[in-house]
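Chain by chain, the residues run as shown.
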Amino acid sequence: MVERISFMLSFSFMQRALIVGLVVSVCASLLGVSLVLKRYAMIGTGLSHVGYAALVGATALGFAPLAVSMPVVVGAAFLLLRLNENSKIKGDSAIALISASSFAVGVIIVSQTTGLNTHVCNAMFGSILAMTRMDLMLSVGLSIAVIVMFVLFYKQIFAVTYDETFALATGTRANAYKSLIAFLTAVTVVLGMRMMGALLIASLIIFPAITAMRLCKSFLSVVIVSVIVAVFCFFVGMMISFELDWPTGASVVSVNLVLFIIFSAAQFIKNRVGVA
């Protein structure tokens, strides 16, 4: 096992992919707990579709994909937040509206532009070969910033997640911290799309959180276990992808699914034993 891991890490592209994937997985798992508890977990899917349209649009026009997609996706995150608060179009409906519209724009751009096949596949399904040294430095830097922001404002994020009304009553600027969560989520989605693709990035947000919630009850314990699950699943998924030549994103999601089933079975057994 150690020899196989050493062999895998002897390739520079695997080293870059593993580092970026692990830090992005940590970010996604931290934010995923709040998003799942707020019933806003599918925001990852909505923002990834916006990112897809931005990526193919930037590529077609000859611009740097990350430089274009980052502000566009951040803007979409704030738009979703405003729609959810001030519009008759709420939650999942707003996400579905923006998600479908963005994906349609991306498809139209692709249909009218030649030579985008490789870029389209990378944007939709992810590619570890697409990771450059610049992507590595930028992703690690932004991921560390996301983690630091989450840790610094952990108490406020916890308050807004569990009881927004009480948080407002105690003087917490709930709207500001909801905006912070939206911003951090947008950054994480853009960073993760290079690895997981637009169709699978939401799994990094959803799976670790709901898996941890099978057995953990407190917010802090869910956050900690969610991070551990995310890191474990990504590393194992990368190994499976390398050994069996499977797509990286699909491999990571498959490991997450297996672990979710195991945790669910453990919860079922625990509940049955408790009843008995």
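Going by the structure above, here's the rest.
Conventions we followed
Residues numbered from 1 in each chain as written. Predicted model: local features only at pLDDT ≥ 70, side-chain atom pairs only at ≥ 80, totals over all residues. Heavy atoms only, no water. Helix = DSSP H or I, 4+ residues; strand = E, 2+ residues; numbered from the N terminus. Rg over C-alpha atoms; globule rule 2.2 N^0.38 Å. Buried < 20%, exposed > 50% of the residue type's maximum accessible area, 1.4 Å probe, protein only. Contact = heavy atoms within 4.5 Å. Areas by Shrake-Rupley, 256 points an atom, 1.4 Å probe, with all protein chains shown as cover. Lys, Arg positive; Asp, Glu negative; His and termini not counted. Charge placed at Lys NZ, Arg CZ, Asp CG, Glu CD. Core = buried A, V, L, I, M, F, W, Y, C linked by side-chain atoms within 4.5 Å. Phe/Tyr/Trp six-rings, centres within 6.5 Å; stacked < 30°, edge-to-face > 60°. Axes fitted to C-alpha atoms, helices over the stretch in contact; angles between N-to-C directions. Parallel < 35°, antiparallel > 145°, perpendicular 65-115°, else oblique. Left-handed = near helix turned anticlockwise from the far one by under 90°. Salt bridge = Lys/Arg side-chain N within 4 Å of Asp/Glu carboxyl O. Expected span 1.5 Å × (residues − 1). Polar contact = N/O pair within 3.5 Å; in protein donor to acceptor, adjacent residues only side chain to side chain. Patch = residues over 30% accessible without salt bridge, like charges linked within 9 Å, V, L, I, M, F, W, Y side chains within 5 Å.

S.K.: Run through the overall build of the chain, naming residues and quoting values.
M.R.: On a plain count of helices and strands, the chain comes out with 13 helices and zero strands. The C-alpha radius of gyration computed for the chain amounts to 19 Å, which stays within 12% of the reference 19 Å derived for 276 residues, consistent with globular compactness. Expressed as lengths along the three principal axes of its C-alpha atoms, the size of the chain is roughly 60 × 50 × 30 Å. The burial tally for the chain puts 49% of its 276 residues in the buried class. When contacts within the chain are restricted to residue pairs at least 6 apart in sequence, those whose partners lie at least 24 apart make up 77%. Approximately 13200 Å² of the chain is accessible, and the part contributed by carbon and sulfur atoms is 71%. Across the chain, the mean location of the 16 positive side-chain charges is 8 Å away from that of the 8 negative side-chain charges.

S.K.: Before we move on, could you go through the nonpolar core and cite the residues and values that matter?
M.R.: Membership of the largest hydrophobic core comes to 78 residues, with the highest contact counts inside it found for Leu 47 and Leu 80. Leaving out residues up to four positions away in the same chain, Leu 80 has contacts with Tyr 40, Ile 43, Leu 47, Ala 94, Ile 95 and Ile 98. Judged by nonpolar contacts, the second largest core, of five residues, contains Val 229, Cys 233, Leu 259 and Phe 263.

S.K.: So what's going on with the packing of aromatic side chains? Which residues, and what values?
M.R.: Counted under the stated rule, the structure contains twelve aromatic pairs. Centre to centre, the rings of Phe 153 and Tyr 177 are 5.6 Å apart; their planes meet at 50°, and the pair counts as tilted. In this pair, Phe 153 is assigned in the loop between helix H7 (133-152) and helix H8 (154-162) and Tyr 177 in helix H10 (residues 174-196), connecting sequence segments 24 residues apart. Taken together, the aromatic side chains of Phe 150, Tyr 154, Phe 158, Tyr 162 and Phe 219 make up a single cluster linked through ring pairs.

S.K.: Pulling in residues and values, what's your account of the packing of helix H3 (residues 43-61) against H10?
M.R.: At a closest axis distance of 9 Å, the pairing of H3 and H10 adopts a crossing angle of 60°. It follows that H3 is oblique to H10 by the angle criterion. In the packing of H3 onto H10, the handedness of the crossing is right-handed. Every residue of H10 that contacts H3 at Ile 43, Gly 44, Leu 47, Ser 48, Gly 51, Tyr 52 and Leu 55 is listed here: Thr 185, Ala 186, Val 189 and Met 193.

S.K.: Describe the pattern of salt bridges, and please don't skip the residues or the numbers.
M.R.: Per the counting criterion, the structure on display carries one salt bridge. Arg 4 serves as the salt-bridge partner of Glu 243, at 2.8 Å between the closest nitrogen and oxygen. Remark: Arg 4 occurs in helix H1 (residues 2-8) and Glu 243 occurs in helix H12 (residues 219-244); sequence separation between them is 239 residues. Residue classification places Glu 243 among the partly exposed residues on the basis of a relative accessible area of 37%.

S.K.: An account of H10 is needed here, citing residue identities and associated values.
M.R.: Two residues of an α-helix separated by three or four positions point the same way, owing to the 3.6 residues in each turn. Over its 23 residues, H10 runs 31 Å from end to end, which matches the ideal 33 Å to within 8%, given 1.5 Å per residue. Within H10, 19 of the 23 residues are buried, which leaves the element mostly enclosed by the surrounding structure. Just beyond H10, the residue with positive phi is Gly 197, at close to 85°.

S.K.: Could you give me a rundown of the side chain of Thr 185, with the residues and numbers involved?
M.R.: Mapped onto the fold, Thr 185 is located in helix H10. Not counting residues within four places of it along the chain, the set of residues in contact with Thr 185 comprises Leu 31, Leu 35, Ile 43, Leu 47 and Ile 205.

S.K.: Explain the environment of Thr 59 to me, and be specific about the residues and the numbers.
M.R.: As for its placement among the helices and strands, Thr 59 is situated in helix H3. Placed 173 residues apart in sequence, Thr 59 and Phe 232 show a C-alpha to C-alpha distance of 33 Å. Among the polar contacts made by the side chain of Thr 59, one reaches the main-chain carbonyl oxygen of Leu 55 at a distance of 2.8 Å.

S.K.: A description of the environment of Glu 243 should follow, citing residues and the corresponding values.
M.R.: Along the sequence, Glu 243 and Arg 4 sit 239 residues apart, while their C-alpha atoms lie 8.7 Å from each other. A polar contact is formed between the side chain of Glu 243 and the side chain of Arg 4, at a distance of 2.8 Å.

S.K.: Got a sec to walk through unusual backbone geometry? Specific residues and values, please.
M.R.: The phi torsion at Asp 245 lies on the positive side, around 60°, for a residue other than glycine. In this fold, Asp 245 is placed in the loop between H12 and helix H13 (248-275).

S.K.: Before we move on, could you go through a nonpolar patch on the surface and cite the residues and values that matter?
M.R.: Together, Leu 37, Phe 158 and Tyr 162 make up an exposed nonpolar region whose accessible area comes to about 270 Å². Following the sequence through the fold, Tyr 162 ends up in helix H8.

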